[in-house]
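Fold and geometry: a report
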Amino acid sequence: MQELSGHSDVSTTMNVYAHATREAKRTSARLLDKVAGND
């Protein structure tokens, strides 16, 4: 994964992916709230 991402430190790569995952979860939760009428 490090080689593909271009980061020299694996922790940098993991931090980027962890942040993206958290944002995706937040976005999904907001969408579900809207669909359910809880916005």
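Coordinates for the structure precede this section.
Figured I'd write up the structure that's included with this text. All figures in this text were calculated on a predicted structure; none of them were measured in a lab.

Rules of the game
- The residue numbering used here restarts from 1 in each chain and proceeds along that chain's sequence as written.
- Where local features are concerned, this predicted model is filtered to residues with pLDDT of at least 70; where side-chain atom pairs are given and counted, the filter is 80 or more; whole-chain, interface and lining totals use all residues.
- By convention in this description, side-chain values take in all heavy atoms of the structure and omit both hydrogens and water.
- Runs of E in the DSSP output that reach at least two residues are strands. Runs of H or I that reach at least four are helices, and both are numbered from the N terminus.
- For every residue, the accessible area obtained with a 1.4 Å probe (protein chains only) is divided by the maximum for its type, and the residue is called buried under 20%, exposed over 50%, and partly exposed between those limits.
- Computed with the Shrake-Rupley method and a 1.4 Å probe, the accessible areas treat only the protein chains shown as cover for residues.
- By definition, a salt bridge exists where a carboxyl oxygen of Asp or Glu is found within 4 Å of a side-chain nitrogen of Lys or Arg.
- For a helix, the expected span equals 1.5 Å multiplied by the residue count minus one.

Moving on, we get to the overall build of the protein chain. If you tally the helices and strands in the protein chain, you get two helices and zero strands. Counting all 39 residues of the protein chain, 3% fall into the buried class. If you sum the accessible surface of the protein chain, you get close to 3,400 Å²; carbon and sulfur atoms cover 58% of it.

A few words now on the pattern of salt bridges. Two side chains bearing opposite charge may form a pair once their charged atoms approach each other closely. Applying the stated criterion across every chain, the model contains one salt bridge. Here Arg26 and Glu23 are joined by a salt bridge, their closest N and O atoms 2.5 Å apart. With Arg26 and Glu23 both in helix α2 (residues 10-36) and three residues apart, the pair spans about one turn of that helix. The partly exposed category is assigned to Arg26, whose relative accessible area is 41%.

Bringing α2 into the picture now. With 27 residues, α2 ought to run about 39 Å at 1.5 Å a step, and its terminal C-alpha atoms sit 39 Å apart, in line with that. Immediately beyond the C-terminal end of α2, within one or two residues, lies Gly37, with a positive phi of roughly 80°.

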